[in-house]
Amino acid sequence: MRRLALLGGAFLAVGSAVVLAQLANFPGLLVGGCTDVGVPEAQRQGVGLVGLAGSDLLYTPDGTNECRLPIPVALLPIGLIAVGGGLVLFTRRRPSSAE
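Residues numbered from 1 in each chain as written. Predicted model: local features only at pLDDT ≥ 70, side-chain atom pairs only at ≥ 80, totals over all residues. Heavy atoms only, no water.

Asks: Is there a simple way to explain the overall build of the protein in this structure?
Replies: The number of helices and strands found in the protein is two helices and four strands. Shown N-terminal to C-terminal, the secondary structure of the protein runs as helices and strands in the order α-β-β-β-β-α. For the protein, the residues scored as buried account for 20% of the 99 residues in total. Accessible area of the protein: about 6800 Å², with a carbon and sulfur share of 63%. (Helix = DSSP H or I, 4+ residues; strand = E, 2+ residues; numbered from the N terminus. Buried < 20%, exposed > 50% of the residue type's maximum accessible area, 1.4 Å probe, protein only. Areas by Shrake-Rupley, 256 points an atom, 1.4 Å probe, with all protein chains shown as cover.)

Structure, rendered in structure tokens:
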């Protein structure tokens, strides 16, 4: 059970680190490509979601340029946090037997 708790803690830590890295780089994010139209600061319209194209999430960081982000990259930290939290809660809920 102790190993499961350590694995869950590692998943939580990695998932949280990825989320923090994505938020620190927002709206550019970590992976994906963007067009570069070169719009002046005064004409920018703000961040927005455009939609889906295949397995990519389309968004615009400034209202003009279009960026693509693979959906698995966006969902990876959520999955890591969910699995890690589940493992930690599972090991805390079950009474530990003699190890």
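Asks: Before we go on, may I ask you to explain the sheet that holds strand 1 (residues 33-34) in this structure?
Replies: Sheet strands associate in pairs through backbone hydrogen bonding, adopting either a parallel or an antiparallel arrangement. Strand order in this open sheet of four strands is 1-4-3-2, and the pairing throughout is antiparallel. The open sheet terminates on both sides in strands that have one partner only, identified here as strand 1 and strand 2 (48-53). Judged from the four bridges that link them, strand 3 (residues 56-60) and strand 4 (residues 67-70) form a sheet pairing that is antiparallel. Across the sheet, L58 pairs through a bridge with R68, a residue of strand 4. Sheet contacts for helix 2 (residues 71-93): strand 2, strand 3 and strand 4; angle to strand 4, the most-contacted strand, approximately 55°. (Pairing = 2+ DSSP bridges. Contact = heavy atoms within 4.5 Å. Axes fitted to C-alpha atoms, helices over the stretch in contact; angles between N-to-C directions.)

Asks: Looking at this structure, I do not really get the environment of L12. What am I missing?
Replies: With respect to the helices and strands, the residue L12 is situated in helix 1 (residues 2-24). If we skip the residues at most four places from it in the chain, L12 touches L80, I81, G84, G85 and V88.

Asks: So what exactly am I meant to see when it comes to the environment of M1 here?
Replies: If you trace the backbone, M1 turns up in the segment before helix 1. Judged by relative accessible area, M1 falls into the partly exposed class, the value being 35%. Separated by 91 residues in sequence, M1 and R92 have C-alpha atoms that sit 8.9 Å apart.

Asks: Would you mind showing me how to read the pairing of strand 3 here?
Replies: Two faces belong to every sheet, and in a regular strand the side chains alternate between them. The buried fraction of strand 3 is high, at four of five residues. Sheet analysis places strand 2 next to strand 3, joined by five bridges and oriented antiparallel. Looking at the pairing, G51 lines up with L58 of strand 3. Count of turn residues in the strand 2/strand 3 antiparallel hairpin: two residues, of which G54 carries a positive phi of about 65°. Between strand 3 and strand 4, which pair antiparallel in sequence order, lie six residues; one of them, G63, sits at a positive phi of approximately 90°.

Asks: Would you mind going over the side chain of T91 with me for this structure?
Replies: Inspection of the secondary structure puts T91 in helix 2. We classify T91 as buried; its relative accessible area is 12%. For T91, the contacting residues outside a window of four places in its chain are M1, L4 and A5.

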